[in-house]
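Letter by letter, the chains look like this.
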Amino acid sequence: MGGTDRLQDFRLRKGITQEEVAEELIRLAAADGVEVKVDGSVISKWERGKKRPRRHYRRLLCRFYQAPEEDLGLRIIGRNKFCCLVRSKVEAHDRSLVDCDIFLHPKVIK
């Protein structure tokens, strides 16, 4: 998914593990009276773009990192039955990060 590597960047800046992120999301949800099931392996899938967090988890991630979905690489810009457009940062050949729009098949997005 590309943009989700921003999640990893935010986590690494905080100097915490994927498991610690999961624990914080569970704590934030519990404060709202909601039970969520998330662990380090789920966070890993989100960071690698293997899965996309559902809306409730995206909101928790935004609260935890104090950043909007766009900054976390989680915002879908456009969507139709043929593709989804996600704004992301990707690594260029010179290892710099550049803004990029990525088109995804709708089955990738939940």
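None of the values given here were measured: they were computed from a predicted structure.

1. Concerning the overall build of the protein chain
Reasoning step 1: Looking only at helices and strands, one finds five helices and three strands in the protein chain.
Reasoning step 2: Counting helices and strands in the order they occur from the N terminus, the protein chain gives α-α-α-α-α-β-β-β.
Reasoning step 3: Counting every position in the protein chain, which comprises 110 residues, the buried fraction comes to 40%.

2. Here we look at helix 4 (residues 55-65)
Reasoning step 1: Buried within helix 4 are the following residues: Tyr-57, Arg-58, Leu-60, Leu-61, Cys-62, Phe-64 and Tyr-65.
Reasoning step 2: Residues of helix 4 that are buried in the fold lie against helix 1 (5-14), helix 2 (18-31), helix 3 (40-48) and helix 5 (69-72).
Reasoning step 3: After helix 4 finishes, the residue Gln-66 shows a positive phi value of roughly 55°.

3. A short note on the pattern of salt bridges
Reasoning step 1: The tally for this structure, following the rule as stated, stands at four salt bridges.
Reasoning step 2: The salt bridge partner of Arg-63 is Asp-32, with a shortest N-O separation of 2.5 Å. With Arg-63 in helix 4 and Asp-32 in the loop between helix 2 and helix 3, the pair connects residues that are 31 residues apart, well separated along the chain.
Reasoning step 3: For Arg-63, a relative accessible area of 41% gives the class partly exposed.
Reasoning step 4: The residue Glu-69 makes a salt bridge to Arg-58 at a minimum N-O spacing of 3.4 Å. Linking Glu-69 in helix 5 with Arg-58 in helix 4, this pair joins segments that are 11 residues apart in sequence. Taken individually, Glu-69 and Arg-58 each receive the classification buried, so the pair is uniform in this respect.

4. Structural notes on the side chain of Arg-58
Reasoning step 1: On the basis of relative accessible area, Arg-58 is assigned to the buried category, the value being 8%.
Reasoning step 2: Apart from the residues lying within four places of it in its own chain, the contact partners of Arg-58 are Arg-52, Pro-53, Glu-69 and Leu-74.

5. Things to note about the confidence of the model for the protein chain
Reasoning step 1: Looking at the protein chain, pLDDT values average 78 and 65% of them are 70 or higher.
Reasoning step 2: When mean pLDDT is taken per element in the protein chain, helix 2 scores highest with 97 and strand 3 (residues 97-104) scores lowest with 52.

6. Description of the environment of Thr-17
Reasoning step 1: Among the structural elements, Thr-17 can be located in the loop between helix 1 and helix 2.
Reasoning step 2: Judged by relative accessible area, which is 41%, Thr-17 ranks as partly exposed.
Reasoning step 3: Sequence spacing of Thr-17 and Ser-44 is 27 residues, and the spatial spacing of their C-alpha atoms is 9.9 Å.

So, how was this worked out
Residues numbered from 1 in each chain as written. Predicted model: local features only at pLDDT ≥ 70, side-chain atom pairs only at ≥ 80, totals over all residues. Heavy atoms only, no water. Helix = DSSP H or I, 4+ residues; strand = E, 2+ residues; numbered from the N terminus. Buried < 20%, exposed > 50% of the residue type's maximum accessible area, 1.4 Å probe, protein only. Contact = heavy atoms within 4.5 Å. Salt bridge = Lys/Arg side-chain N within 4 Å of Asp/Glu carboxyl O. pLDDT = per-residue confidence, 0-100.

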